[in-house]
Amino acid sequence: MKFAFSLKNKVKIAFLLFCIMCCTLLIRFLEDKSVKKINESFISMYNDRLVPATDLYFVAENLYHKNAVLQDAFITDNAVPAAVSVGKINHHNRKIDSAIHKYGLTLLVKQEKSFLNDLKNALFVQKELENKALSLSRTEGLKVYESVGRNAANQTFDKLSALIKIQSKVGDELIKDSKIFVSGTKVYSTLQVILAIVIGIMIVAIISASNAVKIQNEKFNLN
């Protein structure tokens, strides 16, 4: 009877320790998963936000230089040959196309894809008007530039600004997700500490129980 009671207690303790072990493994798995998510968020922040932001900066820089070329071609007193202006414009267009293509290869949310398409359309319209203006005489080209060309350039800048703003918004969401994952790892660490304390209490309890049984057995033998 005493053996059966002792065996029953040992089975309960073993089962409880098994449950704690399973909980520890589960917490460890969730913690590793959370750390992996944090790492992915930071990688995405760099590859899909920081680097593309630099690409958009180059787009803005080349749009500014293109505007300066058109200013020299039509507005400044020093007349620049059309062939020279066309060469400079095409040079900046190639840089813009390269940056836009590179940006399109990054991870984009639905809104970013929509804004990127709007920017591409605006760039296409601007290119067509620039080519048309530069193919005409300086007087006629100036009329095209002032009537529709300048407005097309402003539209392109507006689309680019909208894309930069939505990218910043998505970046803020990634930061919020990272904070959630960090909070999760803190919870998992706390649970691990609690389980360690529970295991320590159980070990002390088992040792105390064993000592009590040993003392009782010694008293029984003396009797």
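Analysis parameters
Residues numbered from 1 in each chain as written. Predicted model: local features only at pLDDT ≥ 70, side-chain atom pairs only at ≥ 80, totals over all residues. Heavy atoms only, no water. Helix = DSSP H or I, 4+ residues; strand = E, 2+ residues; numbered from the N terminus. Buried < 20%, exposed > 50% of the residue type's maximum accessible area, 1.4 Å probe, protein only. Contact = heavy atoms within 4.5 Å. Areas by Shrake-Rupley, 256 points an atom, 1.4 Å probe, with all protein chains shown as cover. Polar contact = N/O pair within 3.5 Å; in protein donor to acceptor, adjacent residues only side chain to side chain. Salt bridge = Lys/Arg side-chain N within 4 Å of Asp/Glu carboxyl O. Expected span 1.5 Å × (residues − 1). Axes fitted to C-alpha atoms, helices over the stretch in contact; angles between N-to-C directions. Parallel < 35°, antiparallel > 145°, perpendicular 65-115°, else oblique. 1 Å grid on protein atoms, 1.4 Å probe; cavity = no way out; pocket = protein on both sides within 12 Å on 5 of 7 lines; lining within 4 Å. Points joined across faces, edges and corners; volume = space filled by probe spheres on them. Core = buried A, V, L, I, M, F, W, Y, C linked by side-chain atoms within 4.5 Å.

A.B. asks: Just checking my understanding: could you explain the overall build of the protein for this structure?
C.D. replies: Within the protein, the regular secondary structure consists of four helices and zero strands. Looking at the protein residue by residue over its 223 residues, the buried ones come to 27%. Long-range pairs, those at least 24 residues apart, make up 85% of the contacts in the protein between residues at least 6 apart in sequence. Carbon and sulfur atoms make up 65% of the accessible area of the protein, which amounts to about 14800 Å² in all.

A.B. asks: Before we go on, may I ask you to explain the side chain of Thr 106 in this structure?
C.D. replies: Counting through the fold element by element, Thr 106 comes out in the loop between helix H2 (82–104) and helix H3 (110–135). Judged by its relative accessible area of 16%, Thr 106 is buried. Side-chain polar atoms of Thr 106 contact the backbone oxygen of Tyr 103, separated by 2.6 Å.

A.B. asks: Explanation requested: the pattern of salt bridges in the structure shown.
C.D. replies: A pair can form between side chains of opposite charge whenever their charged atoms are brought close. Tallied over the full model, the rule gives four salt bridges. Note that Asp 55 and Lys 102 form a salt bridge whose closest N and O atoms lie 3.7 Å from each other. Note that Asp 55 is positioned in helix H1 (residues 2–74) and Lys 102 in helix H2, a separation of 47 residues in sequence. Here Asp 55 falls in the buried class, since its relative accessible area comes to 6%.

A.B. asks: Could you clarify how one ought to interpret H2 in this entry?
C.D. replies: Given 3.6 residues per turn, any residue in an α-helix points the same way as the ones three and four places further on. Relative to the 33 Å expected for 23 residues at 1.5 Å per residue, H2 spans 32 Å between its end C-alpha atoms, a close match to the ideal helical length. Taken together, the buried positions of H2 are Ser 85, Ile 89, His 92, Asn 93, Ile 96, Ala 99, Ile 100 and Tyr 103.

A.B. asks: Looking at this structure, how should I read the environment of Leu 108?
C.D. replies: In this structure, Leu 108 sits in the loop between H2 and H3. The exposure class of Leu 108 is buried, given its relative accessible area of 12%. Taking the C-alpha atoms as reference points, Leu 108 and Gln 167, 59 residues apart in sequence, are found 8.7 Å from one another. Each residue touching Leu 108, except ones within four places of it in the same chain, is listed here: Tyr 103, Lys 113 and Leu 116.

A.B. asks: Mind showing me how you'd approach the packing of H2 against H3 here?
C.D. replies: Each pair of packed helices gets described by two things: the angle between the helix axes and the distance between those axes. Packing of H2 against H3 leaves a shortest axis separation of 11 Å and a crossing angle of 170°. In terms of orientation, H2 and H3 fall into the roughly antiparallel class. Contact residues: Ala 82, Ser 85, Val 86, Ile 89, Asn 93, Ile 96, Asp 97, Ile 100, Tyr 103 and Gly 104 in H2; Glu 112, Leu 116, Leu 119, Lys 120, Leu 123, Lys 127, Glu 130 and Leu 134 in H3.

A.B. asks: Looking at this structure, I do not really get empty space enclosed by the protein. What am I missing?
C.D. replies: To find leftover empty space, a probe the size of one water molecule is rolled over the atoms. Per the counting criterion, the structure on display carries one cavity of 30 Å³ or more. Size it by volume and the largest cavity reaches roughly 60 Å³. Lining the largest cavity we find Leu 70, Gln 126, Leu 129, Glu 130, Ala 133, Val 144, Tyr 145, Gly 149, Ala 152 and Ala 153. Secondary-structure elements contributing two or more residues to the lining of the largest cavity are H3 and helix H4 (138–222). Looking at which element gives the most residues to the lining of the largest cavity, the answer is H4, with five residues.

A.B. asks: Just checking my understanding: could you explain H3 for this structure?
C.D. replies: Helix length check: H3 (26 residues) gives 38 Å between terminal C-alpha atoms against 38 Å at 1.5 Å per residue, within 8%. Every buried residue of H3 is accounted for by Glu 112, Leu 116, Leu 119, Ala 122, Leu 123, Gln 126, Lys 127, Leu 129, Glu 130, Ala 133 and Leu 134.

A.B. asks: Even after reading the chapter, I still don't get the nonpolar core, so can you show me in this structure?
C.D. replies: Within soluble globular proteins, side chains that are nonpolar generally end up buried alongside one another. Counting residues in hydrophobic clusters, the biggest one holds 14 residues, and the most contacted among them are Val 59, Ile 100 and Leu 163. Sorting the residues of this core by element identifies H1, H2, H3 and H4 as the ones contributing at least two each. Sort the elements by how many residues they give to this core and H2 lands first, with four residues. Residue contacts for Val 59: discarding those within four places in its chain leaves Ile 96, Ala 99, Ile 100 and Leu 160. Counting residues in each nonpolar core, the second largest holds nine residues, with Ala 73, Ile 89, Ala 133 and Leu 134 among its members.

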